[in-house]
Amino acid sequence: VLDPRALAPDEAEKIYDTLLDRMVTGYLKSGPDEMDYRAWRRLNTAPYVSDQHGARFVNVYVNDTSGDFFAASADRPMPVGSIVIKDSISAVESGGISRGPLFTMEKMPPGFAPKFGDWRYAMIMPNGKLFGMTGGAGNRAVEFCGECHLQVAQRDHLFELPEEFLRRQN
């Protein structure tokens, strides 16, 4: 894949399907098995390129606690315990595809990180190594996550998905 943006959604989905189990196996080395998100609600129909995540292909999943992701706002924040996950794959210069990091957001109790809407951000590398977590190991390494998400504070710090990739029925 030399030009990721030219990849058709069905082609991106096929590539993603072949990597998903290996991706999850790697991410799970970082922690609890309940973070196996494959059965969670996926909000997009096919992987899409996210410039905010290094121009990687991403997929967005939410846990059952999350409720209505699309109705979230500063006045109607996501419930404590909501988890939003973006897994990722990267196209490399040689044309190959590689597993990318897992990006997570977890809604914490009020007062955890008021500036960032009380979200805890984490980034887990494909081999399961924790790159960083808000309020924990590598906190400074993921501070940029919260800073970027300040752009959408009015949506409870949640970016919208591209319209053409929205899953209409969940």
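Here the structure is a predicted model, which means the values were calculated and not measured.

Under the criterion given, the structure shown has 4 aromatic pairs. A centroid spacing of 5.2 Å and a plane angle of 80° characterise the contact between Phe69 and Phe70, whose relative ring orientation is edge-to-face. The buried category is assigned to Phe69, whose relative accessible area is 2%. Directly above the aromatic system of Phe69 lies the positively charged group of Arg155, at a separation of 5.6 Å from the ring centroid.

Here the focus is the state of the cysteines. By definition, a disulfide links the sulfur atoms of two cysteines through a covalent bond. Throughout the structure, instances matching the rule amount to 0 disulfides. Here Cys145 is not cross-linked by a disulfide; its sulfur's nearest cysteine counterpart is in Cys148, at 8.0 Å. Look at Cys145 and you get buried, because its relative accessible area is 9%. When its relative accessible area of 22% is taken as the criterion, Cys148 is described as partly exposed.

On to the side chain of Ser82, then. You can see Ser82 is positioned in the loop between strand E3 (56–62) and strand E4 (83–91). In this structure Ser82 comes out as buried when scored by relative accessible area, which is 0%. In this structure Ser82 touches Asn63, Thr65, Ser66, Met105, Glu106, Lys107 and Trp119, once residues within four positions along its chain are discounted.

About the thresholds
Residues numbered from 1 in each chain as written. Predicted model: local features only at pLDDT ≥ 70, side-chain atom pairs only at ≥ 80, totals over all residues. Heavy atoms only, no water. Phe/Tyr/Trp six-rings, centres within 6.5 Å; stacked < 30°, edge-to-face > 60°. Buried < 20%, exposed > 50% of the residue type's maximum accessible area, 1.4 Å probe, protein only. Lys NZ or Arg CZ within 6 Å of the ring centre and 35° of its normal. Disulfide = S-S within 2.5 Å. Helix = DSSP H or I, 4+ residues; strand = E, 2+ residues; numbered from the N terminus. Contact = heavy atoms within 4.5 Å.

Any link to function would need more than the numbers given here.
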